[in-house]
Amino acid sequence: MKKNFQGYPNFSLITAIGTLLVILVIALGFSFFNAIYNAQVESRKEFLIKQTELATRGLEVDLNRFKEESKILISYLENSRMDEEELGDEFTVAVRRTFTSFPGMLDSIWVEMNDSTIIFTMTERNDFIRKRSNQAIGQQVKRSQFLVEGKYGFRILYSIDILKYSHDYVANFYLNPGGEKYLFYEDNLISITPLKSGAGVFLNTDDFNEIKADINLGLKGFYEVNWKKGEEEFSGILAQYPFSYANSGKPASLVFFVPMEGLTSGFYSTYLMLFLGVVILLIGTVSFFIISLKGNRDSIKLQEESLDEISRLFDQQNLLLQELNGFVFFHDYKGEMIKVSDEVEKVLGHSKVDFFNAFKADSTHLQANSVKEQILKALEVSLDIVDFEIDFIKPDGAKIRVRIFEKLLFDKTGRFSGGMGICTDITSQYLIRQETIQSENRLRTLINNIPDTIFIYNNEGVVLDFHVQDKKNLLNSAQSTLGKSLGEFVPHGQAEEVIRVFNLAKNTGSIQTINVVWYGPIGDKHYEMRFFPLDENQIMSISKDITGQKVWERGLVDAMNAADQANRSKSDFLANMSHEIRTPMNGLLGIIDLLESTNLNKIQKQYVEIIKNSGNSLLNIIRDILDYSKIESGKIEIQNSFFNPVEELKNQIKILSGLASKKKIKLEISFSTLEDLIIEADKGKINQVLLNLIGNAIKFTPNEGVVGVKMELNPIDEVFSFLSFRISDTGIGIPKEHLEQLTDPFYQVESSNTRAYQGTGLGLAIAKKIIELLGGQLVIESELGEGSVFSFSVIVKNSEKDFIIPESYQLTWKDIKDMGAVFPLKILLAEDNDLNLQLMTLMFQQLGFHFEVAKNGVEVLEKVNVQKFDVILMDVQMPVMNGLEATREIRKNEANSEIIIIGLSANVFEEDQKKAIESGMNDYLTKPIRLAALADKLEYYYRKVREKSE
């Protein structure tokens, strides 16, 4: 056989060809190996760049999201207008939520209020610490800090731990074997590779400066570098992607290293052995082929068998394409089709000719050009496999979904030479997939809209899964329960009962309910838990938050406390307002009293009388404004007295006559035959209503208009009558849509900043309350442009027949001038306000008294210790030591028990007077202090002093 084999005439040629073929295959294999090697290295380099970019963008997104959400706390403070003392659990919850939203990013949060700073800290054990500091934040902000400033003086400083947050964040990003992660921070490379430690990385100076320059310019980069780590030297690639953070002017950057060994690991062991196996197999095949050429018959037979096999494989391929409803295609480097299988017409509905024409260079076919764009995009990123789906419309209008899978071919030089692929109709699979996605979305939407918390357990009570809608507050705590049993995480003292209900639901197969209280740092949460079997192996619980119901049960108590707090705040405001208004009024009315005691002609006396009446009316208005809260609660007192309503009406008209004359408005008064009428009612409150309504009529009446005031008395019975008033004007009128709200507190018909008529909008509201308090009702009638009519009636008591109003004793100038001589007293005046001190000095000069002056409570004590005084006029509010404290110190000495101490203050609330008496004061005078009232007090206490001495 050997002889016959070698004697075959073409054996040498076939052997030479076979050897040459083996050599060519080996060369081709090495070329293919190098191509795969280079492609894989490039692919892993690209992977490194993408990983660096994804990690940096994700980190930068979190930092940007933090910058946006850092403004929520400052908005919270500005909207609620709370000071440091009022900050409660609600703001603490908001701060803790900020820590929770950015775990590991924040070290501390400083909240600067108007007078102090609150510092919030989250420890590594998740202990939430809040403390107060009197030190302000300051103006210098470090690079690792972020400052947010509000419009009302609030400032919040966030301390950002960028190193720790970066370390935790990049833990989820995979690098090739040997790869390490670093953070370029503060011009240094800092390792953030999780679970790795050791010597740092050192680059040569040129490489480091180049990378540093790119980072400072905000440019991403990819470099081939050499570095040292400890005693070892490495070469490989480095990718960096810069980002900004906090208030830093310089960017930071994530830097990922991968040594060359990490890029090429696995190639040699996989592809080289595969190549050697192919070569050995090829040599064996060629040897077998040569040996098989023993004879022509055997050769022909083998060829026929091969042809039969190829034909069978081709038939199988066609059968497979028909089953897949697809076709095969080939194209050149230009994208023009050079070959396509016959199934194209069945799949796309187009002939081969149409298919070839669609992919020509000058074609305008949309789908064909879309396929070319996908190929070009793959070539731009050096991909050799393309796999995508597109929608295709057939000539008959039918819309199908096709999948294109293509292998891109390159020559030995790496140039693109064409591609081959398969296109299959996947319409049915696509529709099924879309239906599955929609079904999943519907189920997910249903679950996401269930407001309750859902847990799934096995039969032993171990948590397998959960759903929490309010992920902001409950997700972390729910996540920690996975793999735990009910007894491990149910609040202490409730686990035994919860487990009993769980087992009851499992054994009975019916729903079982229990209420559980969850104690947490953001407050107690009450839940109604319902257990029921999901299947044979799983139990489900649905927890409904019933905290609102529990809070509602305490709502009345909380509402009452809130109302009390609001009333206290209003009282504080009114007290401060009273003090601020009465202090200048003290000087005004006091000097009027002094001016009235001088020699004045008739006109001057008339002017002084008008000013005095106006001041008294203003005081009544201030007093009633301070009592507005008492009106609302029904606690205001009615001060009845006997008076002539006609005289009082004339007095109010006299007060307003100056304003009416200035606008040339005619005041018409009508009171029938009531000149000698005497009634009993609250004169001050009726006058206040008249002043308000008549003053409004004058204010809203144009020049040369008319304001009419009509007063009538309508008897109810022998004891009571209605005193009625009707105030009309020819003013601008009021629109009908504003009439109902006109008497609401602070309501303005015209509320713009440029309105023509200024005012607080409180006058009519007070007038209405007073009228209702006096048993009457306010009625308003008006037509726009035609004027208004305000009518009201109050219940008054008829006076007895022949009743005469006793004349009040008025101190004469001689009485005042001689008082100091008639009633000699040793007086000490404690007053710090220069204006009030000047006024009191003039009053004492008029009264003829000598006195000493102290500017504060300390000076009072010093003077009391060295000399004896009969009367001390003590201002309540003074610097260093106030009047109340000074009075207590004086009363501690029994020798000072006889001293008469009269308090002076602009505060008129009953609680203020009560505090003064409790501190040891004998009496209390409210500002503005009137000359006659001061003289009466001094005369009264002089007689007391004389009685004790006798």
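Remember, predicted model here, so these are calculated numbers, not experimental data.

**As for the sheet that holds strand β1 (residues 106-112)**
The 5 strands are arranged β3-β2-β1-β5-β4 in an open sheet whose pairing can be described as antiparallel. Since the sheet does not close on itself, it has two edges, and those belong to β3 (128-133) and β4 (145-149), each with one partner. Averaged over all pairs of adjacent strands, the angle between their axes in this sheet comes to 15°, without regard to strand direction. The pairing of β4 with strand β5 (residues 155-160) spans 5 bridges and is antiparallel. Counted as the bridge partner of V148 is I156 from β5.

**What to know about the packing of helix α25 (residues 857-866) against helix α26 (residues 883-891)**
The axes of two packed helices give the description: the angle between them and the distance between them. The interhelical angle for the contact between α25 and α26, taken along N-to-C directions, is 25°, at an axis separation of 9 Å. Judged by the inter-axis angle, α25 sits roughly parallel to α26. Considering the relative orientation of α25 and α26, their crossing is right-handed. Residue-level contacts link G857, V860, L861 and V864 of α25 to A886, E889 and I890 of α26.

**Concerning the packing of aromatic side chains**
Under the definition given, this model contains 15 aromatic pairs. With centroids separated by 5.1 Å and ring planes inclined at 20°, the aromatic side chains of F725 and F792 adopt a geometry described as stacked. Here the residue F725 occupies a position in strand β26 (residues 720-729), and F792 occupies one in strand β28 (residues 787-798), the gap between them amounting to 67 residues. Assigned by exposure class, F725 and F792 land together as buried. On the basis of an interplanar angle of 80° and a centroid distance of 4.9 Å, the ring pair of Y940 and Y941 is categorised as edge-to-face. With relative accessibility at 44%, the residue Y940 sits in the partly exposed group. Three or more aromatic residues link up through ring pairs in this structure, and these residues are F327, F329, F355 and F359.

**Topic: unusual backbone geometry**
With a phi close to 55°, K664 is a non-glycine residue in the positive phi region. Tracing the backbone through its elements, the reader meets K664 in the loop between α20 (645-662) and β23 (666-670).

**Section: the confidence of the model for the protein chain**
The predicted model of the protein chain averages 77 in pLDDT, with 75% of residues at 70 or higher. In this model residues 1-9 is a low-confidence stretch, pLDDT under 50, and it forms 9 contacts with partners more than four residues away in sequence or in other chains.

**Considerations on the nonpolar core**
Formed by 42 residues in total, the largest nonpolar core has its most connected members in I109, V111, Y158 and L254. Once residues within four sequence positions are removed from consideration, Y158 is found in contact with F66, S70, L73, T98, L106, S108, I109, S144, Q145, F146 and V148. Counting residues in each nonpolar core, the second largest holds 40 residues, with F643, I665, I771 and V796 among its members.

**Things to note about the sheet that holds strand β13 (residues 337-340)**
Strand order in this open sheet of 5 strands is β13-β12-β16-β15-β14, and the pairing throughout is antiparallel. Two strands close off the open sheet at either side, each with one partner strand: β13 and β14 (385-393). On average, each strand axis in the sheet is inclined to that of its neighbour by 25°, with strand direction left out of account. Sheet topology note: the strand β12 (residues 326-332)/strand β16 (residues 416-425) ladder contains 7 bridges and is antiparallel. Paired with V328 across the bridge in β16 is I422. Those strands touched by helix α11 (residues 366-380) are β14, β15 (399-410) and β16, and its axis lies near 165° from that of β14.

**Description of α11**
Here α11 spans 21 Å end to end across 15 residues, near enough to the 21 Å set by a 1.5 Å rise per residue. For α11, the full list of buried residues reads A368, V371, K372, I375 and A378. All buried residues of α11 lie within an arc of 120° about the axis, which places them on one face of the element. Seen from the open side of α11, the exposed residues pointing more than 90 degrees away from its buried face are L366, L376 and E380. Structurally, α11 contributes buried residues whose contacts are with α10 (352-358), β14, β15 and β16. Taken from the residues just after α11, S382 is the one with a positive phi, measuring 60°.

**Let's talk about the pairing of strand β9 (residues 221-229)**
Of the two faces of β9, only one is covered, namely that formed by G221, Y223, V225, W227 and K229; the face formed by F222, E224, N226 and K228 stays uncovered. Pairing between strand β8 (residues 201-203) and β9: 3 bridges, direction antiparallel. From the neighbouring strand, L203 faces β9, where its bridge partner is W227. Bridge count for β9 against strand β10 (residues 232-243) is 9 bridges, and the pairing is antiparallel. Within the sheet, the bridge partner assigned to E224 lies in β10 and is I237. Between β9 and β10, which pair antiparallel and follow one another directly, the connecting turn spans 2 residues, one of which, G230, has a positive phi of 70°.

**A closer look at the pattern of salt bridges**
A complete count under the given rule lists 21 salt bridges for this structure. One salt bridge connects K683 with E648, and the closest N-O pair in it is separated by 3.9 Å. Within this pair, whereas K683 is found in helix α21 (residues 683-699), its partner E648 is found in helix α20, the two being separated by 35 residues in sequence. For K683, a relative accessible area of 30% corresponds to the partly exposed category. The partner of K937 in a salt bridge is D923, with the nearest N and O atoms 2.8 Å apart. With a gap of 14 residues between them, K937 in helix α28 (residues 931-949) and D923 in strand β33 (residues 923-926) connect regions that are remote in the sequence.

**A word on the environment of E772**
Position of E772 relative to the elements: it lies in helix α22 (residues 763-773). Taking the C-alpha atoms as reference points, E772 and I795, separated by 23 residues in sequence, lie 10.0 Å from one another.

**Looking at α20**
The α-helix advances 3.6 residues per turn, and as a result positions three or four apart in sequence lie on the same side. The end-to-end C-alpha distance of α20, which contains 18 residues, comes to 26 Å, matching closely the 26 Å that a straight helix rising 1.5 Å per residue would cover. At L656, α20 shows its largest bend, some 45°. The backbone nitrogen of V646 has a side-chain oxygen 2.9 Å away, supplied by the residue at the start of α20, namely N644. Where α20 terminates, the next one or two residues include K664, which has phi positive at roughly 55°.

**Topic: the side chain of N896**
With respect to the helices, strands and loops of the structure, N896 is situated in the loop between α26 and β32 (900-905). Setting aside chain neighbours within four positions, we find N896 in contact with V864, I890 and R891.

What counts as what
- Residues numbered from 1 in each chain as written.
- Predicted model: local features only at pLDDT ≥ 70, side-chain atom pairs only at ≥ 80, totals over all residues.
- Heavy atoms only, no water.
- Pairing = 2+ DSSP bridges.
- Helix = DSSP H or I, 4+ residues; strand = E, 2+ residues; numbered from the N terminus.
- Axes fitted to C-alpha atoms, helices over the stretch in contact; angles between N-to-C directions.
- Parallel < 35°, antiparallel > 145°, perpendicular 65-115°, else oblique.
- Left-handed = near helix turned anticlockwise from the far one by under 90°.
- Contact = heavy atoms within 4.5 Å.
- Phe/Tyr/Trp six-rings, centres within 6.5 Å; stacked < 30°, edge-to-face > 60°.
- Buried < 20%, exposed > 50% of the residue type's maximum accessible area, 1.4 Å probe, protein only.
- pLDDT = per-residue confidence, 0-100.
- Core = buried A, V, L, I, M, F, W, Y, C linked by side-chain atoms within 4.5 Å.
- Expected span 1.5 Å × (residues − 1).
- Arc of directions from axis to C-beta.
- Salt bridge = Lys/Arg side-chain N within 4 Å of Asp/Glu carboxyl O.
- Bend = angle between axes of the 7 residues up to and from the residue.
- Polar contact = N/O pair within 3.5 Å; in protein donor to acceptor, adjacent residues only side chain to side chain.

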